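If you want the building blocks of each chain, they are given just below.
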Amino acid sequence: EQYRFHPETLYLSINLLHRFLSKMVVARSKLQLVAIVCVMVAAKYEETTIPSISEFCYVTDDTFKMEELIKMERVLLNTLKFEITVVTQRHYLRRFCKAANMNTMSALLAYYLTELTLRNAIFLHFRPSLLTATAVSLSLVTWGLEPWNPTLEHYTGYTFHDLEAPMRVLHEHYIDC
C-alpha cells in the first residue's frame, strides 16, 4: 500500500514465494529476505515505477544489505528457472466477474474472498481458476443471487459440483474473518 503497487504485484509475490518455498528449504531467519525479494521481483515485473533496492532494505528495517537482496534474487530466479509469467487468481477475477454480470458490491466481495485465499496454505492445492470461480460463486450466494449458471460454467470450465470442496474451505475462512 505504501508504494501503491497494483494488486497483481501482491498475487505474483505470493505465487513466487509459494513456488520458491516448494523447491527450497529456507531457514526461518531468511524467510523475510525471501519474501521481500519476491515482492521486489514481482514489482519489477508488474509495476512501471519500482522502489530502489535500498528502499526494499529499508522495508526490512535494514535487516538485510543490498548485496543479500541481489544474491537472493539470483537464487530465486535460478530456482524458478526465470519462469515469472504465471496466471494468478487476479487474472481470472475480472473475467469471471464480468461473466457473472456482477454488481459492484458482489464483485468487491469476490475480490476480498480471492485475497483471503492468499493468506492460508490450505488453498495451495486448488487451482487458481477454481479458487476464483469459488470466490465468485460464494459472493453471489452471500448477496442472495444465483450462485452458478451456464454462462459461468462456460467461461470458467467448472460445474457447481466442482466448487463444493473449495467452497466449504473458503466459506469457513470467510466466517472466521
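Check the entry above for the structure.
No experiment lies behind these values; they were computed from the predicted model shown.

Remarks on the packing of helix 6 (residues 104-116) against helix 9 (residues 164-176)
Between helix 6 and helix 9, the least distance of the axes is 10 Å, while the angle of their chain directions is 100°. The angle between the axes of helix 6 and helix 9 places the two elements in the roughly perpendicular class. Contacts from Leu-109, Tyr-112, Leu-113 and Leu-116 of helix 6 reach helix 9 at Leu-170, His-173 and Tyr-174. The residue inventory of the contact of helix 6 with helix 9, partitioned by class, reads six nonpolar, one polar and no charged.

Notes on helix 5 (residues 89-99)
Along helix 5, the residues that are buried comprise Gln-89, Arg-90, Leu-93, Phe-96, Cys-97 and Ala-99. Next to the buried residues of helix 5 lie helix 1 (7-23), helix 6, helix 7 (128-142) and helix 8 (150-156). Within two residues after helix 5, Asn-101 carries a phi angle of roughly 55°, on the positive side.

Observations concerning the environment of Glu-83
Position of Glu-83 among the secondary structure elements: in the loop between helix 4 (66-79) and helix 5. Note on Glu-83: relative accessible area 48%, which makes it partly exposed. Each C-alpha atom of the pair Glu-83 and Leu-16 lies 9.3 Å from the other, and the pair is 67 residues apart in sequence.

Here's the deal with the side chain of Ser-106
Within the secondary structure, Ser-106 is located in helix 6. Judged by relative accessible area, which is 0%, Ser-106 ranks as buried. With residues up to four places along the chain from it excluded, the contact list for Ser-106 reads Ser-139, Trp-143 and Leu-145.

Definitions and limits used
Residues numbered from 1 in each chain as written. Predicted model: local features only at pLDDT ≥ 70, side-chain atom pairs only at ≥ 80, totals over all residues. Heavy atoms only, no water. Axes fitted to C-alpha atoms, helices over the stretch in contact; angles between N-to-C directions. Helix = DSSP H or I, 4+ residues; strand = E, 2+ residues; numbered from the N terminus. Parallel < 35°, antiparallel > 145°, perpendicular 65-115°, else oblique. Contact = heavy atoms within 4.5 Å. Nonpolar A, V, L, I, M, F, W, Y, C, P; charged D, E, K, R; others polar. Buried < 20%, exposed > 50% of the residue type's maximum accessible area, 1.4 Å probe, protein only.

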